[in-house]
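Listed below are the residues making up each chain.
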Amino acid sequence: MQRKGGRRRETGGQDAAAVEQVLDELYATPPSAFVSRREERAAAARTAGRKEDAHRIHAARRPTLAAWAANLLRRSRPEETRRFLELGQALREAHRTLDAAGLKELSAQRRRIVAALSRQAAQLAGEAGQRLSPAAQREVESTLRAVLADPEAADRWAGGRLEAALTPPSAFPSGTAPAEAARPEPGPEPRPRSPRTASGTRAKDELAERRRRRRAELERAEQEAERAERHLRDARAEQGDAQEALRRADDELGRIRETVAAAEERLRTARADLDRAERERRAAGERDRTAADALAGAEREARASARRLDRLAGRGR
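Residues numbered from 1 in each chain as written. Predicted model: local features only at pLDDT ≥ 70, side-chain atom pairs only at ≥ 80, totals over all residues. Heavy atoms only, no water.

This part covers the overall build of the protein chain. A tally of regular secondary structure across the protein chain gives nine helices and zero strands. Beginning at the N terminus, the succession of helices and strands in the protein chain can be written as α-α-α-α-α-α-α-α-α. The buried share of the protein chain, reckoned over its 317 residues, is 21%. Taking as baseline every contact in the protein chain between residues at least 6 positions apart, the subset at least 24 positions apart corresponds to 71%. Summed over all atoms, the accessible surface of the protein chain reaches about 22,700 Å², with 52% contributed by carbon and sulfur. (Helix = DSSP H or I, 4+ residues; strand = E, 2+ residues; numbered from the N terminus. Buried < 20%, exposed > 50% of the residue type's maximum accessible area, 1.4 Å probe, protein only. Contact = heavy atoms within 4.5 Å. Areas by Shrake-Rupley, 256 points an atom, 1.4 Å probe, with all protein chains shown as cover.)

The subject of this paragraph is the pattern of salt bridges. Applying the stated criterion across every chain, the model contains 15 salt bridges. The closest approach of N and O atoms between R38 and E39, which form a salt bridge, is 3.0 Å. Between R276 and D273 there is a salt bridge, with the nearest N and O atoms lying 2.6 Å from each other. Of the two residues, R276 and D273 both sit in helix α9 (residues 195-316), three residues apart, roughly one turn of that helix. Overall, the relative accessible area of 34% leaves D273 in the partly exposed class. Counted as one network, the salt bridges with shared partners bring together E20, D24, R56, R75 and R161. (Salt bridge = Lys/Arg side-chain N within 4 Å of Asp/Glu carboxyl O.)

A few words now on the environment of E163. With respect to the helices, strands and loops of the structure, E163 is situated in the loop between α8 (151-158) and α9. Of the residues examined, E163 reaches a relative accessible area of 24% and is grouped as partly exposed. Between the alpha carbons of E163 and A60 there is a distance of 8.8 Å; along the sequence they are 103 residues apart.

The subject of this paragraph is the side chain of R92. Here R92 is to be found in helix α5 (residues 78-97). Buried and without a salt bridge, R92 has D150 as its closest oppositely charged side chain, separated by 6.7 Å. There is a polar contact of 3.3 Å between the side chain of R92 and the backbone oxygen of V147. A polar contact is formed between the side chain of R92 and the backbone oxygen of L148, at a distance of 2.9 Å. Not counting chain neighbours up to four residues away, the residues in contact with R92 comprise V147, L148, A149, D150 and P151. (Lys, Arg positive; Asp, Glu negative; His and termini not counted. Polar contact = N/O pair within 3.5 Å; in protein donor to acceptor, adjacent residues only side chain to side chain.)

Let us now look at the side chain of T81. Looking at the secondary structure, you find T81 in helix α5. A relative accessible area of 3% places T81 in the buried class.

Attention now goes to helix α3 (residues 51-58). Of the positions making up α3, those classed as buried are D53, A54 and I57. Across the axial projection of α3, the buried residues extend over an arc of 100°, all falling on one side. The exposed residues of α3 that point more than 90 degrees off its buried face are K51, E52 and H55. (Arc of directions from axis to C-beta.)

On to the nonpolar core, then. Among soluble globular proteins, nonpolar side chains are generally buried collectively. Formed by 28 residues in total, the largest nonpolar core has its most connected members in L73, F84, L132, V140, L144 and W157. Going through the elements one at a time, α4 (65-76), α5, α6 (100-127), α7 (134-149) and α8 are the ones with two or more residues in this core. The element best represented in this core is α4, accounting for seven residues. Ignoring anything within four residues of it in the chain, the contact list for V140 reads A66, A69, S118, A121 and L132. In this structure, Y27, F34, V35 and I57 belong to the second largest nonpolar core, which totals 12 residues. (Core = buried A, V, L, I, M, F, W, Y, C linked by side-chain atoms within 4.5 Å.)

Moving on to the confidence of the model for the protein chain. Detailed reading of predicted coordinates is not advised where the pLDDT is low. Mean pLDDT over the protein chain works out to 79, with 73% of the residues at or above the 70 mark. Put simply, helix α1 (residues 2-27) is where the protein chain has its lowest mean pLDDT, 66, and α4 is where it has its highest, 95. Contacts from residues 173-190, a stretch scored under 50 in pLDDT, to residues over four places away or in other chains number seven contacts. (pLDDT = per-residue confidence, 0-100.)

What follows concerns α8. Three or more residues of α8 are buried, namely A153, A154 and W157. Down the axis of α8, the sector holding all buried residues measures 105°, keeping them to one side. Away from the buried face of α8 by more than 90 degrees, exposed residues E152 and D155 are located. In this fold, the buried residues of α8 make contact with α4, α5 and α7. N-capping of α8 is provided by D150, with a side-chain oxygen placed 3.1 Å from the backbone N of E152. In the segment just after α8, G160 is the residue with positive phi, at about 75°.

All right, on to the packing of aromatic side chains then. A complete count under the given rule lists two aromatic pairs for this structure. Seen in terms of ring centroids, F84 and W157 are 5.8 Å apart; in terms of plane orientation they differ by 80°. Their pairing is edge-to-face. Pair noted here: F84 is in helix α5 and W157 is in helix α8, with a separation of 73 residues, a long-range link. Here the two residues F84 and W157 agree in accessibility, since each one is buried. (Phe/Tyr/Trp six-rings, centres within 6.5 Å; stacked < 30°, edge-to-face > 60°.)

Encoded structure:
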């Protein structure tokens, strides 16, 4: 019993690895072929009885061209990717420790490397037959800057399965609590604030809170808009693939109709030939019977003539 259970777990692990391999393959596929390839792999999993795997494969979302190029860069340049991720870690550490000199030096490296890697991504995409527009290349640069600034973005890019370009934060997060402010020298007790000062402080706090809520609402709206845009792109891609499949089916139907028409024409010709051959056979049969009757009559006449000849010859003797 344990042995059987062990085999099932091993098979499940193999299936999971197979799904991961399929997903890696999909996100290495150019966006124009992503949906058709995804449907093929999902159908194969369903045919093999792996419904959960088929569902997971089918749930994979088609990446934008910029996201695909960033994924392609990640897979095609592993050494540059490793160094780039290390640079992002160093930049974030420098920002946390407020190492101004290190931050300045690493920021200069960031600009140079982001520009170089975005050019490499455009070159790799071009070699794969997918030209990046200036807008798409800017999205690749935005993704690379986000990878440097945000550890979560770095992890997502390292996975090689981005669906859309990433947006860097406005500033690196500190990641640590700010250093404790220096205590002031003992002095006279501060005077209590006047009611006007306290009221102004409360107003500023309320304004800051309203601004914070507006920023949060804006971020949520932007995320929802981005999701809606991704769904729209996927729907358009699905429609494009469906239209292409319909066009291929129409072409195939046209070829089959032509083949059927040619076959029907050959059948009509063959039937006409058969009718003609049957008529000729009937006519030949009629001629054969007529000739046989004529032959029988000639034989009878010949025998009668021979008998008359014999009788005449007997009388002469």
